[in-house]
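What the coordinates show
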Amino acid sequence: MKQHFFTNISHDIRTPLTLIAGSINKLFNRENMDTAEQKYLKIIRTNTNRLLNLTGELLNFRKLETGNVTLQASEENLVDFVQEIYISFTQFAINKNIKYNFEYSQPEIKVWIDKNQFERAVCNLISNAFKYTPEEGEISVKVGYSNDGKATISIIDTGEGIEDGKINHIFNRFYQIDKQAEGNGFGVGLSITREIILLHGGNIQVKSTLGKGSEFTIYLHPGKKVLKKCRVHFITVESQYPVGVFHG
Ligand code: ADP
């Protein structure tokens, strides 16, 4: 019932929000705005986008849950892909005075992924790192290979960490350690993230120490052999599939 409620309400909220977002973008294109107007418009845009993301997250969650997602996979360089997402969070790091790093073991790591879905997974992890790391902390995003040859993405923070007894529950839907926390979430982010990674034939692991920080690592098989067992369309340069999957 909770899920149905969220799905319906997300749909209803989303339509007017999309219209608001469209109008804001039009305003942004006007040239005669003063600094104060620009500043307020930016706040409106950031928060509209945040609401759009939240509703998108809930809708996407429902789609994943009901098995209605077909991956639109293309071959990507994981380093460029993750770096782009990393950069989009730079302002958060500045705002919270967080030391924010990006590292890679080599410049090219090829994987087959659904860019829209996978972006959601990586964004959720980085966004959580910012949510649960206090000011002056440190967040690192690393792309590389594991010892057994899997492509890896690690998001490491020096945030509040997770208690031993609770770590097994964090990937469950609607699970939040501190429900009162000013978290801007519903406790579905990690469950969506995990679902997306599993759809890619990969897996996710977490190491965490309460009061010290957390490290989330995504493991992906190189090549598309693993993906062949999944529900997937392969997008090659010759056959550019339209990306028809809902992505918020
Ligand atoms: P939420 O919307 O509450 O962030 P998530 O599914 O993304 O939901 O995460 C579930 C819970 O796991 C969070 O409420 C939080 O308690 C914990 N958590 C997730 N990421 C981190 C992190 N990087 N550091 C500490 N706790 C985390």
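Going by the structure above, here's the rest.
Residues numbered from 1 in each chain as written. Predicted model: local features only at pLDDT ≥ 70, side-chain atom pairs only at ≥ 80, totals over all residues. Heavy atoms only, no water.

1. Examining the overall build of the chain
Just so we agree on the cut-off: Numbering goes from the N terminus for both helices and strands, where a helix is a DSSP run of H or I of at least four residues and a strand is a run of E of at least two. Between buried and exposed lies partly exposed: a residue is buried under 20% and exposed over 50% of the maximum accessible area for its type, with that area taken using a 1.4 Å probe on protein chains only. Pairs of residues are marked as contacts when any of their non-hydrogen atoms sit within 4.5 Å. Where accessible areas are quoted, they stem from the Shrake-Rupley method and a 1.4 Å probe; at the residue level, only the protein chains shown are allowed to cover.
On a plain count of helices and strands, the chain comes out with six helices and eight strands. Along the chain, helices (α) and strands (β) appear in the sequence α-α-β-α-α-β-β-α-β-β-α-β-β-β when read from the amino end. In the chain, which comprises 248 residues, the share counted as buried stands at 43%. Look at the contacts in the chain between residues 6 or more apart in sequence, and 76% of them connect residues 24 or more apart. Accessible surface for the chain amounts to roughly 14100 Å². Of this, 50% is attributable to carbon and sulfur atoms.

2. What to know about the sheet that holds strand β7 (residues 213-220)
Selection criterion: Note: two strands are recorded as paired if DSSP finds a minimum of 2 bridges between them. Convention adopted: a line fitted to C-alpha atoms gives each axis, helices being fitted over their contacting stretch, and angles between N-to-C directions are expressed from 0 to 180 degrees.
Across the sheet, five strands lie side by side as β2-β4-β5-β7-β6; this open sheet has mixed pairing. With one partner strand each, in any of the chains shown, β2 (99-104) and β6 (203-209) form the two edges of the open sheet. On average, each strand axis in the sheet is inclined to that of its neighbour by 10°, with strand direction left out of account. Both β6 and β7 contribute to a ladder of seven bridges, which runs antiparallel. Note on β7: the bridge partner recorded for Asn203 is Tyr219.

3. Some details on the site of the ligand
Rules: One heavy atom suffices: a residue is near a molecule or strand as soon as one of its heavy atoms comes within 4 Å of it. Two N or O atoms count as a polar contact when they lie within 3.5 Å, although within protein this holds only if one can serve as hydrogen donor and the other as acceptor, and sequence-adjacent residues are included solely when both atoms are side-chain atoms. In this count, Pro and Cys sit with the nonpolar residues alongside Ala, Val, Leu, Ile, Met, Phe, Trp and Tyr, while Asp, Glu, Lys and Arg are called charged and the others, Gly among them, polar.
Neighbouring the ligand are 18 residues; Asn128, Lys131, Tyr132, Gln176 and Leu190 lie closest to it. Interatomic distance of 2.9 Å between a side-chain N/O atom of Tyr132 and an oxygen atom of the ligand. At 3.5 Å from a nitrogen atom of the ligand is found a side-chain nitrogen or oxygen belonging to Ser214. Taking 530 Å² as the accessible area of the ligand by itself, protein coverage stands at 97%. When the residues that make up the shell around the ligand are grouped by side-chain class, the tally is nine nonpolar, seven polar and two charged.

4. Remarks on the packing of aromatic side chains
Counted only if it meets this: The criterion for an aromatic pair is that two Phe, Tyr or Trp rings (for Trp, the six-membered ring) have centres within 6.5 Å, with stacked assigned to planes under 30 degrees apart, edge-to-face to planes over 60 apart and tilted to the rest. A positively charged side chain is recorded as over a ring if its NZ (Lys) or CZ (Arg) lies within 6 Å of the ring centre. The angle to the ring normal must also be within 35 degrees.
All told, the structure shown has nine aromatic pairs when counted by the stated rule. Note on Tyr86 and Tyr100: the rings are 4.1 Å apart at their centroids and 25° apart in plane angle, and the pair reads as stacked. In this pair, Tyr86 sits in helix α3 (residues 78-88) while Tyr100 sits in strand β2, placing the two residues 14 residues apart along the sequence. Taken as a pair, Tyr86 and Tyr100 share a single burial class, namely buried. Note on Tyr100 and Phe130: the rings are 5.1 Å apart at their centroids and 65° apart in plane angle, and the pair reads as edge-to-face. Of this pair, Tyr100 sits in strand β2 while Phe130 sits in helix α5 (residues 115-131), and the two are 30 residues apart along the sequence. With respect to burial, Tyr100 and Phe130 carry one shared label: buried. Grouping aromatic residues by their ring pairs yields a cluster made of Tyr86, Phe89, Phe92, Tyr100, Phe102, Tyr104 and Phe130. Stacked on the ring of Phe28, the Lys or Arg Arg45 has its end atom at 3.9 Å from the ring centre.

5. Brief notes about the environment of Leu227
With respect to the helices and strands, the residue Leu227 is situated in the loop between β7 and β8 (232-235). Leu227 gets classed as buried once you look at its relative accessible area, which sits at 1%. Each C-alpha atom, one on Leu227 and one on Trp112, is 7.9 Å from the other, the two residues being 115 residues apart in sequence. Excluding residues that lie within four positions of it along the chain, Leu227 makes contacts with Leu71, Ala73, Trp112, Leu199, His200, Val232 and Phe234.

6. Regarding a nonpolar patch on the surface
Note the cut-off: A patch consists of residues exposed above 30% relative accessible area that lack any salt bridge, with like charges linked at up to 9 Å and nonpolar side chains (Val, Leu, Ile, Met, Phe, Trp, Tyr) linked at up to 5 Å. Every case where a carboxyl oxygen of Asp or Glu lies within 4 Å of a side-chain nitrogen of Lys or Arg is listed as a salt bridge.
Nonpolar side chains collect at one region of the surface, where Phe5, Ile9 and Ile13 lie side by side and expose about 260 Å² of accessible area between them. By secondary structure assignment, the location of Ile9 is in helix α1 (residues 2-28). For Ile9, a relative accessible area of 32% puts it in the partly exposed group.

7. With respect to the pattern of salt bridges
Two side chains carrying opposite charge are able to pair once their charged atoms lie near each other. Applying the stated criterion to the full structure yields four salt bridges. Of the charged contacts, one joins Glu103 and Lys142 as a salt bridge, the two residues approaching to 3.9 Å between their closest N and O atoms. Separated by 39 residues along the polypeptide, Glu103 in strand β2 and Lys142 in strand β4 (residues 138-145) bring together distant segments of the chain. Between Lys166 and Glu163 there is a salt bridge whose closest N-O contact spans 3.6 Å. According to the relative accessible area criterion, Glu163 is partly exposed, its value standing at 38%.

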